[in-house]
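# Tertiary structure, described
What follows is the residue order along each chain.
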Amino acid sequence: MRVKFILPALTEARSIFWRSIKYSLFPPLGLATLAGYLDPGDEAVIEDEHVEDLTLDDAPDLVVIQVYITSAYRAYALADHYRARGAYVALGGLHVTSLPDEAAMHADTIFLGPGEDTWPQFLADFRARHPQARYQSTVRTLDGLPPIRRDLIKRRGYLVPNSIVVSRGCPHACDFCYKDAFFRGGKSFYTQSVDAALAEIERLPGRHLYFLDDHLFGNTRFARALFEGMRGMGRLWQAAGTVQAILKPGLMEAAADAGLRSLFVGFETLNADNLRDQHKAQNLNRDYAAAIRRLHDLGIMINGSFVFGMEHDDPGVFERTVAWVVGQGIETATFHILTPYPGTALYQRLAAQDRITSSNWDLYDTRHTVFQPVGMTADELEAGYWQAYRDFYGWRSIVQSASVKSTLREQARHVAYTGAWKKCEPVWNAIVRAGLVGAARPLLERVLAGSHPHTAPASSPLPEVQTQ
């Protein structure tokens with residue numbers, strides 16, 4: 001059986017303005033995970049449109065496409081193309097789960113929710129020539145997963161090929177979060193066994209890792225055991241966590257000792273009323289500044305996430321937020337316009353209030369306003385969003401933020417990391433086009449290692465092996 005897995009390009013990545021390095025970070029790990037269930041005699045290929053041109057004149061037996069909201073129209077076009085060529089087409093992912101009837105018009109089979117329990121059943125049905133039109137995930141477990149088909153990943157195309165996921169979902173349920181809808185109908189958070197996670201880490205070459213888990217620290221017992229097992233491996237890694245997890249005694253110290261050097265943190269808003277509205281209770285009554293100090297004292301850099309356009313935001317929210325972030329010495333920030341994804345509680349609430357202004361999924365990229373805000377106009381929201389990025393990533397702010405650090409080495413690390421991410425886009429684009437993204441990985445590792453107080457030499461990590 002010939003199987004083709006496709007990750008279509010997101011809307012921005014298909015435009016002439018796309019920022020190449022952003023879409024050359026991580027390979028399509030979910031598709032490589034599904035490929036692990038195939039039989040040894042099956043032929044499989046993974047194509048990621050963010051880093052390569054798709055081959056569209058082939059003749060696979062089965063085409064599997066992962067669909068996000070801003071890749072939906074492209075995914076549907078690809079699905080229609082392959083169905084016209086006689087291939088059997090299956091669609092899955094966040095957008096398919098949120099709008100199954102829409103996706104079903106372009107597929108022979110759709111998958112709702114995570115695929116660990118439904119994909120093996122589909123393969124058995126497909127081989128027996130009676131596949132179902134719809135598979136709904138209900139049994140949530142990561143026990144007994146086959147090894148991920150990393151041999152199908154074109155490592156040279158990615159800055160961070162060593163991405164890894166050891167859990168699914170998140171124990172929290174924020175109103176604006178797309179993932180909450182994806183895991184509806186079963187457990188919304190579950191983990192691998194610690195031994196299985198450590199075995200997957202051991203198989204990865206090189207030194208750097210990136211945990212793509214929505215909340216790596218969601219199960220404290222699992223996280224502590226994982227970090228204990230990682231001690232001495234000499235790894236440098238990045239992940240995502242919550243303010244609540246950061247403030248738990250001893251947890252970040254264990255993570256730092258295991259190699260954590262950068263953490264994505266969903267601060268979202270500085271307004272407690274906004275947090276209550278969005279049911280982000282895990283951030284309520286938490287000392288953001290104390291969480292930042294805790295991470296910085298451990299040598300862990302921060303990528304802070306902030307959302308604009310909530311009910312209690314006014315036109316001054318952009319300047320206030322940027323000033324606070326710069327003053328805290330946060331290394332990088334990711335800003336978003338509040339986006340009501342279909343299937344979320346936020347979408348249902350705004351739709352009931354007749355405040356959704358667009359159903360063009362290409363605009364649901366957190367860069368456009370697709371609803372009517374309360375405290376400002378839609379144009380003010382978009383203009384403020386872009387101004388926040390310009391202000392935060394201006395050299396003046398970068399230097400000011402770096403000056404918060406106590407040593408020259410920490411300040412230099414801050415400037416190097418922040419400046420390289422946002423001020424060197426032409427260089428990154430040239431590197432991406434030349435196929436040299438992997439060559440930049442040692443520099444990333446050096447910056448991550450930086451001034452961490454507990455950095456130890458690597459214990460003979462596996463050598464980096466470049467595969468096509």
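Predicted, not measured: the structure shown is a model, and the values here were computed from it.

Leu-91, Phe-211, Leu-226 and Trp-237 are the most contacted members of the largest nonpolar core, which totals 97 residues. Of all hydrophobic cores here, the second largest spans 23 residues; its members include Val-3, Leu-34, Ala-35 and Leu-123.

Looking at the secondary structure, you find Asp-354 in the loop between helix H14 (345-352) and helix H15 (378-392). Between the C-alpha atom of Asp-354 and that of Glu-47, which follows or precedes it by 307 residues, the distance is 39 Å.

Averaged over all residues, the pLDDT of the protein chain is 91; the fraction at 70 or higher stands at 94%. Note that residues 453-468 has pLDDT below 50 and, in this model, 38 contacts with residues that lie over four places away or in other chains.

Hydrogen bonds between backbone atoms are what pair the strands of a sheet, whose relative direction is either parallel or antiparallel. The strand order across the open sheet formed by six strands is E7-E10-E11-E12-E13-E14, and the pairing between neighbours is parallel. Edge positions in the open sheet fall to strand E7 (163-164) and strand E14 (332-337), since each of these has one partner strand only. As paired strands, strand E12 (residues 260-268) and strand E13 (residues 301-308) are joined by six bridges and run parallel to one another. Its bridge partner being in E13, Ser-262 is matched across the sheet by Met-301. Sheet strands touched by helix H13 (residues 317-328): E13 and E14. Its angle to E13, the strand with the most contacts, is close to 170°. Across the face of the sheet, H15 comes into contact with E13 and E14 while running at roughly 175° to E14.

A few words on the sheet that holds strand E4 (residues 88-92). With respect to topology, six strands assemble into an open sheet ordered E2-E1-E3-E4-E5-E6, the strand pairing being parallel. This sheet does not close on itself; its edge strands, each paired only once, are strand E2 (43-48) and strand E6 (134-136). Strand-to-strand twist in this sheet, taken as the mean axis angle between neighbours without regard to direction, amounts to 15°. Pairing of strand E3 (residues 62-66) with E4, which is carried by five bridges, proceeds in the parallel orientation. Note that in E4 the partner of Leu-62 across the bridge is Tyr-88. Its contacts with the sheet place helix H2 (residues 72-84) against strand E1 (2-7), E3 and E4, and it is angled at close to 160° to E4.

Thresholds applied
Residues numbered from 1 in each chain as written. Predicted model: local features only at pLDDT ≥ 70, side-chain atom pairs only at ≥ 80, totals over all residues. Heavy atoms only, no water. Core = buried A, V, L, I, M, F, W, Y, C linked by side-chain atoms within 4.5 Å. Buried < 20%, exposed > 50% of the residue type's maximum accessible area, 1.4 Å probe, protein only. Helix = DSSP H or I, 4+ residues; strand = E, 2+ residues; numbered from the N terminus. pLDDT = per-residue confidence, 0-100. Contact = heavy atoms within 4.5 Å. Pairing = 2+ DSSP bridges. Axes fitted to C-alpha atoms, helices over the stretch in contact; angles between N-to-C directions.

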